Amino acid sequence: MKQVPKPTTDEDLIQQFLNKGGEIKKGKTKPMPADLGLSNNQWGNKMTKEEKAAVKAIDDARKLATPKRS
């Protein structure tokens, strides 16, 4: 079987869109919520109060341990 490319390829459709006055913009995405679990067995589940407290304690300790540069 021959494979003949059709005239409606992606490049052709994009060019038609641009010729009609369309423009391409880069979209913005929202950052992920910090309380989502991102390990394989916790994907998409929110953290419990204990886990949130543990993460906050680690962040606070990290901020206190890091010397500030002046």
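These figures come from a predicted structure and were not determined experimentally.

Some remarks on the overall build of the protein chain
Stage number 1. Across its full length, the protein chain holds 2 helices and 0 strands.
Stage number 2. Looking at the 70 residues of the protein chain, the share that counts as buried comes to 4%.
Stage number 3. Carbon and sulfur atoms provide 57% of the accessible area of the protein chain, an area that totals close to 7,500 Å².

Re the pattern of salt bridges
Stage number 1. Applying the stated criterion across every chain yields a total of 2 salt bridges.
Stage number 2. Salt-bridge contacts for Lys-25 lead to Glu-23; the nearest nitrogen and oxygen are separated by 3.9 Å. Across the pair, exposure class does not vary: Lys-25 and Glu-23 are exposed alike.
Stage number 3. Among the salt bridges present, the one from Arg-62 reaches Asp-59, with a minimum N-O distance of 3.6 Å.

Details of a nonpolar patch on the surface
Stage number 1. Side chains of Ile-14, Phe-17, Leu-18 and Ile-24 sit close together on the surface and give an oily, nonpolar patch of about 390 Å² of accessible area.
Stage number 2. Topologically, Phe-17 is positioned in helix α1 (residues 10-19).

The rules behind the values
Residues numbered from 1 in each chain as written. Predicted model: local features only at pLDDT ≥ 70, side-chain atom pairs only at ≥ 80, totals over all residues. Heavy atoms only, no water. Helix = DSSP H or I, 4+ residues; strand = E, 2+ residues; numbered from the N terminus. Buried < 20%, exposed > 50% of the residue type's maximum accessible area, 1.4 Å probe, protein only. Areas by Shrake-Rupley, 256 points an atom, 1.4 Å probe, with all protein chains shown as cover. Salt bridge = Lys/Arg side-chain N within 4 Å of Asp/Glu carboxyl O. Patch = residues over 30% accessible without salt bridge, like charges linked within 9 Å, V, L, I, M, F, W, Y side chains within 5 Å.

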